[in-house]
Amino acid sequence: MFILKIKCQRKTVKRESIDIYELYKGFTGRKILFIVVLLIVLPSMALVAILQGPASIGIKDAIFSLFHSSTLAHTIIWYLRLPRIVMAILVGIGLSFAGTVFQALLKNPLASPYTLGIASTAGFGAALGIVFNVGILSQYVIAGNAFLFAILSSFIILGVAKWKSSTPETMILAGIAIMYLFSSLTSLIQYQGSMEEVHEIVFWFFGSLSKVSWKEIAIASFMIILPLPILLKWSWDFNLLALGDESAKALGVKVEKTRIIGILLASLITSGAICFTGIIGFIGLVSPHIARMVMGGDHRFLLPASSLIGAILILMADTVSRTIWAPQVIPIGIVTSFIGVPFFFYLLIKRKREYW
Amino acid sequence: MKVFLIFILSTLYLFFGYLLASEAIVVTDSLGNHISVKLPVRRVVALTSDALETIRAIGAEDLVVGINKNIPKEPLFWPKLKGKPVVGNWMEPNYEALVQVKPDIIICYSRWGKGIEKKISPLGIKLVRLDFYKVNSLKRDVNTLSLLLGKEKEGGNFISWYQKYLNLIKERLKNIKYKPKVYIESYTPFHTDSMGSGGHEMCLLAGGNNIASSIPIPFPRVDPEWVLDKNPDIIIKAVSINGYELNNSTYLKKIKEEIINRPGWENIKAIKESRIYIITSDIWAGPRAIVGIMYMAKWFHPHYFKDLNPEDIHKEYLKKFHNLKYRGIYVYP
Amino acid sequence: MLNIKQLDFNYHNIKALEDIGLNLNRGEVLSLVGPNGSGKTTLLKCINRIVKPKKGSIFINGKDTSKMNSIELAKQIGYVPQATPSKFPMTVFDAVLMGRRPYISWRPTRNDLDIVAQILNVMNLKDMALRDFDQLSGGEKQKVLLARAFAQDPEILLLDEPTSNLDLRHQIEIMELISLMVKEKNISAIMAMHDLNLASRFSDRMVMLKSGRIFSIGNPHEVITSENIISVYGIDVQINKDNNYPYMLPVKVADERR
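As the structure is a computational prediction, the values presented were derived from the model and not from experiment.

Cut-offs applied
- Residues numbered from 1 in each chain as written.
- Chains lettered and ligands numbered in written order.
- Predicted model: local features only at pLDDT ≥ 70, side-chain atom pairs only at ≥ 80, totals over all residues.
- Helix = DSSP H or I, 4+ residues; strand = E, 2+ residues; numbered from the N terminus.
- Buried ≥ 20, exposed ≤ 12 C-beta atoms within 10 Å, placed from the backbone.
- Contact = placed C-beta atoms within 7 Å.
- Rg over C-alpha atoms; globule rule 2.2 N^0.38 Å.
- Domains from an automatic or database assignment.
- Nonpolar A, V, L, I, M, F, W, Y, C, P; charged D, E, K, R; others polar.
- Pairing = 2+ DSSP bridges.
- Axes fitted to C-alpha atoms, helices over the stretch in contact; angles between N-to-C directions.
- Core = buried A, V, L, I, M, F, W, Y, C linked by C-beta atoms within 7 Å.
- Parallel < 35°, antiparallel > 145°, perpendicular 65-115°, else oblique.
- Left-handed = near helix turned anticlockwise from the far one by under 90°.
- Expected span 1.5 Å × (residues − 1).
- pLDDT = per-residue confidence, 0-100.

Peer 1: What exactly am I supposed to notice about the overall build of chain B here?
Peer 2: The number of helices and strands found in chain B is twelve helices and eleven strands. Dimensions of chain B, computed from C-alpha atoms along their principal axes, come out at roughly 95 × 40 × 40 Å. In chain B, buried positions account for 44% of the 333 residues. Of the contacts formed within chain B by residues at least 6 apart in sequence, a portion of 59% connects residues at least 24 apart.

Peer 1: Looking at this structure, how should I read the overall build of chain A?
Peer 2: Broken down by element type, chain A carries 15 helices and zero strands. Since a compact globule built from 356 residues should have a radius of gyration of about 21 Å, the 23 Å found for chain A is in line with a globular shape. C-alpha atoms of chain A, sized along the principal axes, occupy 85 × 55 × 35 Å. Expressed as a percentage of the 356 residues in chain A, the buried residues total 51%.

Peer 1: How do you make sense of unusual backbone geometry when you look at a structure like this?
Peer 2: Glycine aside, residues mostly have negative phi, and peptide bonds are mostly found in the trans state. All names here are of chain B. Note that the residue after Leu39, namely Pro40, is joined by a cis bond; omega there is -10°. The topology assignment puts Pro40 in the loop between strand E2 (34–39) and strand E3 (44–46). One non-glycine residue, Asn323, lies in positive phi territory at about 55°. With respect to the helices and strands, the residue Asn323 is situated in the loop between helix H12 (310–322) and strand E11 (331–332).

Peer 1: Just to check I follow, could you spell out the domain arrangement of chain B for this structure?
Peer 2: When the parts come together, some accessible area is lost, and that loss is often what is quoted as the size of the interface. Residues and elements named next belong to chain B. The assigned domain composition of chain B is domain 1 (20–152) and domain 2 (161–332). Inter-centroid distance (C-alpha atoms) of domain 1 to domain 2 is 28 Å. The set of elements that each furnish at least two residues to the side of domain 1 that touches domain 2 consists of helix H2 (49–57) and helix H5 (135–149). The leading source of residues in the side of domain 1 that touches domain 2 is H2, at five residues. Of the residues contributing to the side of domain 1 that touches domain 2, the split by class is seven nonpolar, two polar and five charged.

Peer 1: For this particular structure, what's the right way to read the pairing of strand E11 (residues 235–240) of chain C?
Peer 2: In regular strands, side chains alternate between the two faces of the sheet. Residue and element names in this part refer to chain C. Note: E11 against strand E12 (residues 247–253), six bridges, orientation antiparallel. Among the inter-strand pairings, Asp236 is bridged to a residue of E12, identified as Lys252. As consecutive antiparallel partners, E11 and E12 are separated by six residues.

Peer 1: Is there a simple way to explain the pairing of strand E1 (residues 23–28) of chain B in this structure?
Peer 2: All names here are of chain B. Among the six residues in E1, zero count as buried, and that is only a small part of the element. With six bridges connecting them, E1 and E2 associate as antiparallel partners. Paired with Val27 across the strands is Ile35, a residue of E2. In textbook terms, the turn of a hairpin is the stretch between consecutive antiparallel strands, and for E1 and E2 this stretch comprises five residues, one of which, Gly32, has a positive phi near 90°.

Peer 1: I would appreciate a short explanation of the sheet that holds strand E4 (residues 55–60) of chain C in the present structure.
Peer 2: Each strand in a sheet pairs with its neighbour through backbone hydrogen bonds, running either in the same direction (parallel) or in the opposite one (antiparallel). Residue and element names in this part refer to chain C. Spatially, four strands are ordered E2-E1-E4-E5 in an open sheet, and the strand pairing comes out antiparallel. On the outer flanks of this sheet lie strand E2 (14–24) and strand E5 (63–64), each paired with one strand and no other. As paired strands, strand E1 (residues 2–11) and E4 are joined by five bridges and run antiparallel to one another. Counterpart to Leu2 in the pairing with E4 is Ile60. Against the sheet, helix H1 (residues 40–47) makes contact with E1, E2 and E4, and its axis sits at roughly 65° relative to E2, the strand it touches most.

Peer 1: How should the arrangement of the chains be read in this particular structure?
Peer 2: With two pairs of chains in contact overall, the contact-richest pair is chains A and C. There is no contact between chain B and chain C; across them, the least C-alpha separation is 42 Å.

Peer 1: Got a minute to help me understand the interface of chain B and chain A in this structure?
Peer 2: With 17 residues of chain B at the interface, the matching set in chain A holds 22 residues. Per-class residue counts for the side of chain B that touches chain A are nine nonpolar, four polar and four charged.

Peer 1: Explanation requested: the sheet that holds strand E10 (residues 276–280) of chain B in the structure shown.
Peer 2: All names here are of chain B. Across the sheet, which stays open at both edges, the five strands sit in the order E8-E7-E9-E10-E11 with mixed pairing between neighbours. This sheet does not close on itself; its edge strands, each paired only once, are strand E8 (209–210) and E11. When E10 meets E11, the two strands line up antiparallel, connected through two bridges. Its bridge partner being in E11, Ile278 is matched across the sheet by Tyr332. Sheet contacts for helix H7 (residues 198–205): strand E7 (181–186), E8 and strand E9 (234–239); angle to E7, the most-contacted strand, approximately 150°.

Peer 1: Honestly, the nonpolar core in this entry has me stumped. Any pointers?
Peer 2: A general trend in soluble globular proteins is that nonpolar side chains are found buried together. One finds Ala146 of chain A together with Val96, Ile119, Ala147 and Leu158 of chain C to be the most contacted residues of the largest nonpolar core, which totals 176 residues. With 14 residues, helix H3 (residues 72–105) of chain A is the single largest residue contributor to this core. Beyond its immediate sequence surroundings of up to four residues, Ala147 of chain C is in contact with Val96, Ile119, Leu120, Met123 and Leu125 of chain C. Core analysis: the second largest hydrophobic core is formed by 99 residues, Tyr133, Ile211, Ile215 and Ile234 of chain B among them.

Peer 1: Whenever I open this one, the packing of H3 of chain A against helix H14 (residues 299–323) of chain A confuses me. Can you help?
Peer 2: Residues and elements named next belong to chain A. Running from N to C, H3 and H14 point in directions that differ by 140°, and their axes come no closer than 7 Å. In terms of axis orientation, H3 runs oblique to H14. In the crossing of H3 with H14, the sense of the turn from one axis to the other is right-handed. Each of Arg84, Ile85, Ala88, Ile89, Val91, Gly92, Ile93, Leu95, Ser96, Phe97, Thr100 and Ala104 in H3 lies in contact with H14, whose residues at this interface are His299, Leu302, Leu303, Ser306, Ser307, Ile309, Gly310, Ala311, Leu313, Ile314, Leu315 and Asp318. By residue class, the composition of the contact of H3 with H14 is 15 nonpolar, seven polar and two charged.

Peer 1: Before we go on, may I ask you to explain the environment of Pro327 of chain A in this structure?
Peer 2: Tracing the chain through its elements places Pro327 of chain A in the loop between H14 and helix H15 (332–350). Excluding residues that lie within four positions of it along the chain, Pro327 of chain A makes contacts with Pro54 of chain A together with Val222, Asp223 and Trp226 of chain B.

Peer 1: Got a minute to help me understand the environment of Tyr187 of chain B in this structure?
Peer 2: Locating Tyr187 of chain B in the fold gives a position in the loop between E7 and H7. For Tyr187 of chain B and Pro220 of chain B, which are 33 residues apart along the polypeptide, the C-alpha to C-alpha distance reads 12 Å. If we skip the residues at most four places from it in the chain, Tyr187 of chain B touches Glu196 of chain A together with Ala238, Val239 and Ser240 of chain B.

Peer 1: Got a minute to help me understand helix H11 (residues 289–300) of chain B in this structure?
Peer 2: The periodicity of an α-helix, 3.6 residues per turn, causes residues three or four places apart in sequence to face the same way. Residues and elements named next belong to chain B. Between its first and last C-alpha atoms H11 spans 16 Å; for twelve residues at 1.5 Å apiece the expected length is 16 Å, and the two agree. Most of H11 is tucked away: twelve of the twelve residues are buried. Looking at H11, one finds that the buried residues are Ala289, Ile290, Val291, Gly292, Ile293, Met294, Tyr295, Met296, Ala297, Lys298, Trp299 and Phe300.

Peer 1: Explain the confidence of the model for chain A here, please?
Peer 2: Close inspection of predicted coordinates is inappropriate for parts of the model with low pLDDT. All names here are of chain A. Of all residues in chain A, 91% attain a pLDDT of 70 or more, and the chain-wide mean is 84. Within chain A, no element has a lower average pLDDT than helix H1 (residues 2–50), which sits at 73, and none a higher one than helix H9 (residues 227–233), at 93. Between residues 1–13, whose pLDDT stays under 50, and residues either more than four places distant or in other chains, the model counts seven contacts.

Peer 1: Just to check I follow, could you spell out the packing of helix H4 (residues 118–131) of chain A against helix H6 (residues 168–192) of chain A for this structure?
Peer 2: The description of two packed helices rests on the angle between their axes and on the distance between the axes. All names here are of chain A. The interhelical angle for the contact between H4 and H6, taken along N-to-C directions, is 15°, at an axis separation of 8 Å. It follows that H4 is roughly parallel to H6 by the angle criterion. For the element pair H4 and H6, the recorded crossing hand is left-handed. When H4 is examined against H6, the residues Ser120, Thr121, Gly123, Phe124, Ala127, Leu128 and Val131 are found in contact with a partner set consisting of Ile178, Met179, Phe182, Ser183, Leu185, Thr186, Ile189, Gln190 and Gln192.

Peer 1: What is the right way to read the confidence of the model for chain B from this model?
Peer 2: Residues and elements named next belong to chain B. The predicted model of chain B averages 86 in pLDDT, with 97% of residues at 70 or higher. Mean pLDDT in chain B bottoms out at helix H1 (residues 2–21), which sits at 71, and peaks at E8, which reaches 94. Listed scores for the predicted complex are pTM 0.82 and ipTM 0.84.

Peer 1: Just checking my understanding: could you explain the environment of Ser31 of chain C for this structure?
Peer 2: Residue and element names in this part refer to chain C. Here Ser31 shows up in strand E3 (residues 29–33). Sequence-wise, Ser31 and Phe202 are 171 residues apart; in three dimensions their C-alpha atoms are separated by 8.6 Å. Contact partners of Ser31, with chain neighbours within four places excluded, come to Met191, Met193, Ala199, Ser203 and Met206.

Below is the structure:
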């Protein structure tokens, strides 16, 4: 009887499969539309941000200064505001992208780019540079150290993974251990330092976009953008990892290899993002969630959407941080939480379903 | 008869003993609090270098029984004290070490280090908060210290010495119409000084116009673009390093270059005209601020101070109040 | 078409599987039965290369699986695990579409989507195609996992206790679906089962494992005997042969004899 039912359905399958197909396409179309909207919002916000600052520059002056390099407005826009804005976007993309990847690889919705201890090790490197002035790349001692030690933490994690086991739980525990160790070491350095050095270390941890120039942007974009296409290509594997290691393996995903290389690349992106700007928190954790609430868990769309959302959030935070109490600049790490949290709560309340 | 003699003697003994042992005075600290301290004070700990310097300036160096942890890093400036026990600093006092050196009073800043009183009062030690880093309150702080340590005469000498130079500067700047716009950066990049800080005060006394004076907090962090917009005539950068221990100006030069190379800053008037000066913390916002003010007055209004050499005043100070030979680098260029 | 020879697997120095050898033919449904810990799930995971056996070889259609890359293997073997809660949201359609992953490089083709749609239709899952996978009942989830394995277009289906935690209707429905697919597509299936009766009713052959070794292998009548069940499970049973498959009724726990 069951077989009879199958035979009858065969005839209508063609028509019905078209229905599902249309439904699915519509579903996908919505996701693409959302990303397009984000792609429009981001540059618009950037344009608005260009006009914000303690030195008031109107639209006419701004356009005029594009062509005349001798004006003060030109200097301010090209050498101070624009690098800030571009770096904000880069860091937003990097942290959110890495955050999404970490959440997929560690199968943990609470994962962020800093879960595996990168923030603490990078901070330690920066502190070394600030207090003892030891480290690599004499011109960029602080940034170079921060980067070096950030990568170091991922190597430690990967060492643990190869030696013991590469389950997410092991890696997260190792990350927590690293965080405590290097936080203590950083405190030790702070203890040795003078008041001003401690001050600078504390502010490094707050995050700052004030000191970026085009040269730093070039270096950072190299480290942030290069791994993106590789990780994007693995979107399907990230989707499958959500099913569990075993199911993913059964569907052809090389789970260990993907996890190890994925973490290495995502750590590279994170290190590139924070070595010049310090620790900017919350964005890497929350952008993937906001994106997921709107468009579900398909990483082919999730990764770009989450990156764009992160870029928008940081851009907003940066603009607020330098206009709300001008000419004072509130460190951006402080502002990102204030901007992100209400928005996040809004979505949390409005969503219609439990989703983890 | 015997009983009566014993009674008289013991009364006299108690009376004189009391007289000698417990003369106490009430002093006012930098916060305006009244603190009662038993005299004489024989053992002092200064948790801040500013206080320690003032103590030596009024000739009370031998009363110091414990030093803060930065002092051993400056052996040239503190030849006699560098071997004394270290008791932490104003951020993190080492209470155990303090108990061991048994001071009568401890001196630290008014603004920071809250909670030290609670910890030391059961030990019978008094905390007196004296800043020494604001010129306007320096006189009162020095007077209080002199009273406590029984060095009123020396304190008075010190005050009149620097007051002499302060008045000199004030007199010469009496009728100036023009004050240059100054951007002050103290220690950390993009942190400037505003109302309530020592640096701001020094700038005003030297006849400068601090571009940050309208910002409501004393040590704000500012947007680099704002500095460009204000286009200061002069940039002063204070670095936290002891000029006395320096042998060359490499470090100061590096600091200057970092500022000149900031993106977009080549357009600032101060940098275009090369009027950017680096100054070390010994002569910045402390008991020796008068030297720093003198340098600044010369930079702001060179015409009025052609005959004055701040180095001479500095030499005078070191010889007269610290018995030290002049050496080191304090400003760049 | 599936050959397993001399398979050994150790789990932390404990011999989980020892000297396993069996053959599977096209169109055949084979059940693995045995008490908890006898090695059923482990054996499935060895075939699938989710874990690596210590010794032994596995051949599918003459090809050594240890020489295949993971994508190739995923096109050969469709694995249906027990349903576990997922931490991230997914629609039913997406869940089944995952099964096409070995064939998709970036975008699923029209063909992939049609295959998924067809499977959803056949399995009566069409109406919940866009519902969240986590919100389904246990039976519905198991069906979706089965659908996913079908989407892989495999040669062999591996099922890990597909009927545990299911209600009666879903149990029979799943079993009938499996038999149907195996016959229609001329593939084979290995199921680890805890329910001996369901296993004997729907299998062509059975393998009974005890402590990691094969205790009995053959058709259901040969394997489901009261002697075997006493030896392996330690229970006295009554075997009912009224239908064309043996049906066992547990009576009581056997006295300690062996």
